[in-house]
Amino acid sequence: MTEVRPGPAASDSLWERDEEVTAILRAVEALCSDRASHGELLVLQGEAGLGKTTLLARTRRIAEARGCTVWSARGGEVLRSVPFNVVRQLLQPALLSLMPEEAREYLGEWYGIAGPALGIAEPGGGQADPRSVCEGLVAAVSRLAGRDWPLVLMIDDVHWADEESLRWLAAFAGRLTELSVLLVVTRRPGEVSGDSAQLLEAVAAAAGVRTLSCLSPEATAALTRSTLGAHADGPFCREVWAVTDGNPYDTVELLAKVRDSELDPVEAHAGELRDLNRSARGGGLVARLEELGIDATRFAWAAAILGTDISVQLVARLATMNRDDAARCAELLREARILTEPDPATAGAGEGDLEFVHPLIATAVYSSIPDALRTAMHGIAAQVVTDSGLGAAAASRHLLQVHPDDDEELVDQLRQAAREHLAVGAPEAARRCLERALLEPPTPEVHARVLYELGCATLLTAPATTIDHLQLALSMPGLDGTTRVDAVWRLSQALLHNNQLEDAVRTVEAEAARHPPGPVRLRLQAVQFMWEGLHTGETITPDRSERLAELAAGCTGRDNSERALLILRGFDAMARGENAEEVAELCDRALVNGRLAPGLGWTDTEWGIELLLMLASAYAYSDRLDRAEALYNEALRAYENAHWSGGHLALAYAYVGLGHRRRGRLREAEQALRESLAIAERVGRGLPLYWTATCNLVDTLLARGHVEEAWEIAERYGFAPPYPATIVIPDPRSVRGRLLLAAGRTKEGVAELEAAEQAAAVRGHHNPVMVPWAADLARALAVEDPARAARLASDVRRQAERFGTDTAIGEALRCAAALETGPRAVALAAQAVTFLEASPCQYEHAAARVEHGIVAGSAAELRRGLALARSCGADGLADRARAALESNGIPLEDTD
């Protein structure tokens with residue numbers, strides 16, 4: 001409702017809103033009753049004018065009467081392109097009230113991440129990770145909530161919030177159970193679409209949504225009589241309700257006009273109500289505004305252009321009038337109930353003197369500005385903002401509205417604004433600026449660079465769009481040297497993320513051919529081999545491994561391109577099952593004094609995470625687990641310290657889990673992998689990182705003997721064909737086949753393992769530890785087709801001996817022992833124990849001990865296997881050892 005009330009009775013009452021007020025009272029009481037109480041979210045939904053803002057004002061009064069701290073913000077229809085606008089309004093007053101060192105202390109490690117988005121810290125260099133910024137904002141509110149308990153947060157017109165604030169709100173709403181905070185938001189239904197609509201639905205899903213209804217005829221009559229007097233007769237009151245459809249805002253405005261016109265509220269004058277009502281909205285409001293004079297109209301237009309922080313001085317500059325005339329116009333507009341002083345229930349962080357009485361009025365005034373004049377005023381507003389020293393990003397929302405006019409300076413301003421948006425974690429805002437810059441259009445000399453910058457801005461959010469921009473940029477003059485090479489690298493990344501891996505390879509291959517032999521060409525060749533190495537389909541170039549080996553043979557590791565080729569050659573050799581000692585030697589040559597070289601760190605973007613995961617995995621499957629785990633843990637620390645909370649962090653947790661799984665620490669592996677899967681779920685299903693987390697978790701649960709839980713995870717997260725086009729470690733077909741066998745679905749399991757056999761043959765992947773289909777298939781076929789099972793076991797042993805690790809050989813001997821009986825089985829099982837005892841893989845060692853104890857009937861061996869199984873967290877293996885002991889009448893003694 002309007003803040004300027006026509007009568008005291010109306011201002012003191014919320015008509016027919018008892019249920020909503022009761023819910024607010026109950027929520028505030030619950031918040032104040034216990035510092036450890038769970039947070040709560042209330043969503044008040046309704047069409048314009050149904051009293052949502054008035055309910056927020058009542059919420060403020062209730063909360064403050066109970067001693068609560070109240071922070072508030074409001075979305076704005078013309079401000080939706082301003083990133084972090086709403087969350088800044090919400091938090092800035094609290095943060096700016098602190099000394100700089102206090103704000104730093106409260107935000108802690110998040111200060112450098114969230115501070116720039118909140119406008120209280122300078123951004124660092126480069127592009128901020130949007131997901132990390134969102135996490136930082138959640139952390140900022142969480143920490144400040146602890147200081148200012150009991151805390152009530154209010155957001156009015158959340159449907160007009162900027163997308164960045166909506167992302168924070170959706171994430172924060174999902175964490176409210178961990179905080180003692182009351183969050184109250186208002187929204188209109190159906191105002192937005194796309195990502196913003198999805199985010200709003202996510203917020204609503206975490207709340208109890210209360211939909212407001214129009215006033216009944218009885219409430220409208222009571223409001224009419226409380227405003228105009230008890231003598232207002234029934235027919236007049238019914239006409240008020242009919243004219244306004246029971247909309248509270250329209251009703252209050254109409255009754256104000258009745259009072260102003262001194263109309264007697266009786267049936268004889270009821271016919272005049274429709275004309276009076278028309279003057280409150282749309283064309284009637286515009287006509288009423290024009291009656292106030294051209295200066296007042298210009299002032300109102302300028303205020304609508306600004307949208308927020310409306311000060312008389314700033315409006316005067318935009319409307320080109322002196323201070324006295326501006327003050328006079330402001331007073332006229334206040335008296336006309338068009339502008340008012342900011343209401344504390346919706347006041348944000350700005351220092352404006354005025355705001356529109358209601359968003360409906362702001363929209364009507366903004367829409368009434370002639371198109372050409374509105375565009376010109378936005379241009380002037382951009383200059384005013386720039387001259388005020390607020391920066392290109394602050395001016396960009398106005399620049400977006402200016403008509404294209406071959407303006408080189410405007411293109412430069414928009415490019416600078418995009419850089420500022422990227423630096424605070426707002427790539428969508430950067431995208432809008434650069435797309436607008438293309439419409440200007442840029443001069444031929446900078447056109448390709450704008451496209452390149454646009455491609456960089458959309459890489460994380462829209463790979464298909466990035467592909468179009470970068471391909472066009474590379475087809476135009478203007479991209480040279482390192483910028484062109486970087487554009488090709490980013491284009492190949494986008495193609496990879498868009499499931500166009502073969503196109504990614506061809507793009508890099510073609511660019512490499514344009515360059516003479518040297519560092520640039522070598523880098524591009526390394527990228528080509530990297531993408532080919534990640535592909536799971538048919539080999540893109542049949543002689544790839546030979547060419548890679550030839551190219552890497554001449555590398556000494558003098559620069560990062562050579563180091564990348566050594567890593568790629570080491571990973572390829574590991575996957576193909578070549579000698580593990582040579583694999584480790586290749587990987588060691590890629591390091592500098594045993595560490596990653598500068599520019600090849602986990603947070604460096606020149607090469608990407610894929611290369612380093614190949615390095616660590618080559619170590620992991622070559623029995624150099626100490627080196628692999630050091631790299632996995634280094635990745636996790638790097639991403640946590642940098643507050644990268646998206647796909648990189650999910651992969652780091654997944655590979656930390658893989659390291660634990662290889663080591664035999666199954667409980668720790670499960671914990672890390674569940675964390676990885678939780679992060680991957682937020683990033684999005686179907687991505688390779690999602691498969692990595694799911695595959696490793698299923699594999700770990702099977703090792704623990706938790707078959708039903710492994711099956712439930714596979715079903716819930718879609719761990720089934722079709723598989724992704726990029727390599728997942730360990731091989732998902734092999735893990736899926738093992739799962740099917742464990743679940744008793746032998747025929748399906750055999751088919752899946754045979755599919756794994758075919759896929760491995762295409763890629764030339766013969767490492768029996770990384771792609772373990774053969775040993776499982778041999779066991780599954782032992783009864784039905786013993787001859788084939790024996791051939792498979794023989795092949796596994798041959799490949800294991802070629803690879804040469806204790807783990808590979810020990811696992812091959814375990815497989816061979818499972819197909820034999822009598823002394824031959826005992827001898828092979830004993831040999832498996834010998835090799836796996838020297839292996840770093842303790843689960844496999846435990847399994848070999850138990851199996852040897854069973855075939856040899858050795859209580860001592862079974863007890864040793866049981867102790868190892870228990871230390872690994874292999875519950876199923878431990879149960880098997882106990883059962884073997886009990887079936888042979890052997891006392892368990894101290895085994896439990």
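Look up a bit, the structure's there.
**Quick look at the nonpolar core**
Logical step 1: The biggest cluster of nonpolar side chains holds 162 residues, and the ones touching the most others in it are Trp-531, Trp-602, Val-698 and Trp-773.
Logical step 2: Filtering out sequence-adjacent residues up to four positions away, Trp-602 remains in contact with Leu-596, Ile-609, Leu-612, Leu-613, Leu-631, Glu-634, Ala-635, Ala-638, Tyr-639 and Trp-644.
Logical step 3: If you look at the next biggest cluster of nonpolar residues, it comprises 52 residues, including Val-133, Leu-137, Trp-168 and Val-181.

**Quick word on a negative patch on the surface**
Logical step 1: A cluster of acidic residues, Asp-405, Asp-406, Asp-407, Glu-408, Glu-409, Asp-412 and Glu-445, forms a negative patch on the protein surface.
Logical step 2: Top element by residues in the negative patch is helix α21 (residues 408–423). It accounts for three residues.
Logical step 3: Turning to its location among the elements, Glu-408 is positioned in helix α21.
Logical step 4: Take Glu-408: its relative accessible area is 54%, and that puts it in the exposed class.

**Considerations on helix α33 (residues 647–663)**
Logical step 1: The end-to-end C-alpha separation of α33 is 24 Å, in line with the 24 Å expected for 17 residues at 1.5 Å each.
Logical step 2: Of all the 17 residues making up α33, 15 are buried; the element is thus mostly covered by neighbouring parts of the structure.
Logical step 3: Just downstream of α33 lies Gly-664, where phi reads positive at about 100°.

**Observations concerning the side chain of Gln-89**
Logical step 1: Looking at the element boundaries, Gln-89 is found in helix α4 (residues 85–96).
Logical step 2: By relative accessible area, Gln-89 is classed as buried at 10%.
Logical step 3: In this structure the side chain of Gln-89 is engaged in a polar contact, spanning 2.8 Å, whose partner is the backbone oxygen of Arg-74.

**Digging into the environment of Leu-439**
Logical step 1: Mapping Leu-439 onto the fold places it in helix α22 (residues 427–439).
Logical step 2: Assessed through its relative accessible area of 55%, Leu-439 is described here as exposed.
Logical step 3: The spacing of Leu-439 and Val-411 is 28 residues in sequence and 9.3 Å in space, taken between C-alpha atoms.

**Considering the pairing of strand β3 (residues 151–156)**
Logical step 1: Among the six residues in β3, six count as buried, and that is most of the element.
Logical step 2: As judged from the six bridges shared by strand β2 (residues 69–74) and β3, these two strands associate in the parallel manner. The residue bridging Trp-71 from the neighbouring strand is Leu-153, located in β3.
Logical step 3: With five bridges connecting them, β3 and strand β4 (residues 181–187) associate as parallel partners. Residue pairing for β4: Met-154 is matched across the bridge by Val-184.
Logical step 4: You can see the chain leave β3, run along helix α8 (residues 163–173) and come back into β4, and the turn it takes is right-handed.

**A word on the packing of aromatic side chains**
Logical step 1: Considering all chains together, one arrives at seven aromatic pairs under this definition.
Logical step 2: Taking the centre distance of 5.5 Å and the plane angle of 45° together, the rings of Tyr-632 and Tyr-655 count as tilted. Taken as a pair, Tyr-632 in helix α32 (residues 625–641) and Tyr-655 in helix α33 lie far apart in primary sequence, 23 residues in all. Taken as a pair, Tyr-632 and Tyr-655 share a single burial class, namely buried.
Logical step 3: Through a chain of ring-to-ring contacts, the aromatic side chains of Trp-691, Phe-719 and Tyr-723 assemble into a single cluster.
Logical step 4: Note that Arg-374 overlies the ring of Tyr-366, its terminal NZ or CZ placed 5.2 Å from the centroid.
Logical step 5: Just above the ring of Trp-607 sits the side chain of Arg-523; from NZ or CZ to the centre is 5.6 Å.

**A look at the environment of Trp-602**
Logical step 1: Mapping Trp-602 onto the fold places it in the loop between α30 (580–589) and α31 (609–620).
Logical step 2: C-alpha of Trp-602 to C-alpha of Glu-634: the two residues are 32 residues apart in sequence and 8.0 Å apart in space.

**A look at the pattern of salt bridges**
Logical step 1: Counted according to the given criterion, the structure contains 60 salt bridges.
Logical step 2: Between Arg-431 and Glu-435 there is a salt bridge; the shortest N-O distance is 2.6 Å. Taken as a pair, Arg-431 and Glu-435 lie in helix α22 at a separation of four residues, close to a single helical turn.
Logical step 3: Linking Glu-861 and Arg-849 is a salt bridge whose minimum nitrogen-to-oxygen distance equals 2.9 Å. Of this pair, Glu-861 sits in helix α44 (residues 859–872) while Arg-849 is found in helix α43 (residues 842–856), placing the two residues 12 residues apart along the sequence.
Logical step 4: Taking relative accessible area as the criterion, Glu-861 reaches 3% and is therefore assigned buried.

The rules behind these values
- Residues numbered from 1 in each chain as written.
- Predicted model: local features only at pLDDT ≥ 70, side-chain atom pairs only at ≥ 80, totals over all residues.
- Heavy atoms only, no water.
- Core = buried A, V, L, I, M, F, W, Y, C linked by side-chain atoms within 4.5 Å.
- Buried < 20%, exposed > 50% of the residue type's maximum accessible area, 1.4 Å probe, protein only.
- Contact = heavy atoms within 4.5 Å.
- Patch = residues over 30% accessible without salt bridge, like charges linked within 9 Å, V, L, I, M, F, W, Y side chains within 5 Å.
- Areas by Shrake-Rupley, 256 points an atom, 1.4 Å probe, with all protein chains shown as cover.
- Salt bridge = Lys/Arg side-chain N within 4 Å of Asp/Glu carboxyl O.
- Lys, Arg positive; Asp, Glu negative; His and termini not counted.
- Charge placed at Lys NZ, Arg CZ, Asp CG, Glu CD.
- Helix = DSSP H or I, 4+ residues; strand = E, 2+ residues; numbered from the N terminus.
- Expected span 1.5 Å × (residues − 1).
- Polar contact = N/O pair within 3.5 Å; in protein donor to acceptor, adjacent residues only side chain to side chain.
- Pairing = 2+ DSSP bridges.
- Right-handed = clockwise from strand over helix to strand, strands pointing away.
- Phe/Tyr/Trp six-rings, centres within 6.5 Å; stacked < 30°, edge-to-face > 60°.
- Lys NZ or Arg CZ within 6 Å of the ring centre and 35° of its normal.

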